[in-house]
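# Remarks on the overall topology
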Amino acid sequence: MPSETGPPEPGGAPEHDADALLGRVARGDERAFERLYDVAAAPVHGLARRVVRDPALAEEVTQEVMIEVWRSAARFDPARGSALAWIMTIAHRRAVDRVRREQSAGDREARTAAGPGAAHDPVGERVEARLEHERVRRCLRTLTRLQRETVTLAYYAGHSFREVAELVGAPPNTVRTRMRDGLIRLRDCLGVER
């Protein structure tokens, strides 16, 4: 068992360590936060990197998430899941928000670059957004039922791998495989570049 101030022993369950550490962080324990950072930063960064696809942005998202964890640790409810699942949910939401913000900024820059003579066409934009949503729905229908279910629970409902595994009654590794395969099929259907 890890000591109160030392690192966890090899083979220890990091989710249990994170649960205990997050409780201490909620009480303002800076050393516990340092250890929690060591446990959670790598998985948060990995998730952020997969979502935002930019190493620098992923680092920023990771820092934002860890700051939010420090500030809102008291809101963690262990009855609703593990500390790592809670942190990863924050990370997923932050990463998705960052992608949306970056997309909006790019859209604004494109409109500005088009010049003042370019007309803003809200109807055209709504039609384009609706067509894009329909395209995504059509591609989701090409997935197997299990792939569609895991992708939808993770990316649209904001659940972590562990939560999705519990919801569908499958091991987390099976869920990861289904999700990976589903995302590859979606990427190919949508024609997204790697």
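Residues numbered from 1 in each chain as written. Predicted model: local features only at pLDDT ≥ 70, side-chain atom pairs only at ≥ 80, totals over all residues. Heavy atoms only, no water.

Under the annotation held in an unreviewed UniProt entry, the protein chain carries the name RNA polymerase sigma factor and is attributed to Actinomadura syzygii. Listed under Sequence similarities (unreviewed entry) in UniProt, the entry text for the protein chain is "Belongs to the sigma-70 factor family. ECF subfamily." (UniProt positions renumbered as here; feature names shortened; annotations may be inferred.)

### A short note on the state of the cysteines
Under the counting rule described, the total for this entry stands at one disulfide. In this model, Cys 139 is linked to Cys 189 through a disulfide, with the two sulfur atoms separated by 2.0 Å. Since a negative S-S torsion denotes a left-handed disulfide, the Cys 139-Cys 189 link at about -75° is left-handed. Residue Cys 139 is located in helix H5 (residues 122-140), and its partner Cys 189 is located in helix H8 (residues 172-190); the two are separated by 50 residues in the primary sequence. (Disulfide = S-S within 2.5 Å. Helix = DSSP H or I, 4+ residues; strand = E, 2+ residues; numbered from the N terminus.)

### Side note on the packing of aromatic side chains
Under the definition given, this model contains three aromatic pairs. Aromatic pair Phe 33 and Tyr 37: ring centres 6.3 Å apart, planes at 65°, arrangement edge-to-face. Placement of both Phe 33 and Tyr 37 in helix H2 (residues 30-52) is noted, with a separation of four residues, approximately one turn of the helix. For Phe 33, a relative accessible area of 17% gives the class buried. Every member of this aromatic cluster is reached through a ring pair, and the members are Phe 33, Tyr 37 and Trp 70. (Phe/Tyr/Trp six-rings, centres within 6.5 Å; stacked < 30°, edge-to-face > 60°. Buried < 20%, exposed > 50% of the residue type's maximum accessible area, 1.4 Å probe, protein only.)

### Side note on the layout of surface pockets
Roughly 2200 Å³ of volume is contained in the largest pocket. Considering the residues around the largest pocket, the lining is formed by 44 residues, among which Val 51, Val 99, Val 136, Tyr 156 and Leu 190 are closest to the centre. The set of elements that each furnish at least two residues to the lining of the largest pocket consists of H2, helix H4 (83-113), H5, helix H6 (145-156) and H8. When residues in the lining of the largest pocket are grouped by element, the largest group, 13 residues, is from H4. (1 Å grid on protein atoms, 1.4 Å probe; cavity = no way out; pocket = protein on both sides within 12 Å on 5 of 7 lines; lining within 4 Å. Points joined across faces, edges and corners; volume = space filled by probe spheres on them.)

### Examining unusual backbone geometry
A negative phi angle is the norm for most residues apart from glycine, just as the trans form is the norm for most peptide bonds. Unlike most non-glycine residues, Arg 53 shows phi in positive territory, near 60°. Note that Arg 53 resides in the loop between H2 and helix H3 (55-72). According to the relative accessible area criterion, Arg 53 is exposed, its value standing at 63%.

### A few points about H6
Its 12 residues place the ends of H6 15 Å apart at the C-alpha level, agreeing with the 16 Å of an ideal helix rising 1.5 Å per residue. Among the residues of H6, Gln 147, Thr 150, Val 151, Leu 153 and Ala 154 are the ones counted as buried. All buried residues of H6 lie within an arc of 165° about the axis, which places them on one face of the element. The exposed residues of H6 that point more than 90 degrees off its buried face are Arg 145 and Tyr 156. Of the residues one or two after H6, Gly 158 is the one with positive phi, at around 75°. (Expected span 1.5 Å × (residues − 1). Arc of directions from axis to C-beta.)

### Examining H8
When the terminal C-alpha atoms of H8 are compared, their 26 Å separation across 19 residues agrees well with the 27 Å that a helix rising 1.5 Å per residue should span. For H8, every residue scored as buried is listed here: Val 175, Arg 178, Met 179, Gly 182, Leu 186, Arg 187 and Leu 190. The arc that holds the buried residues of H8, viewed along the axis, is 165°, so those residues lie on one side. Away from its buried face by more than 90 degrees, H8 exposes Asn 173 and Asp 188. Structurally, H8 contributes buried residues whose contacts are with H5, H6 and helix H7 (161-168). At the C-terminal side of H8, Gly 191 shows a positive phi close to 75°. (Contact = heavy atoms within 4.5 Å.)

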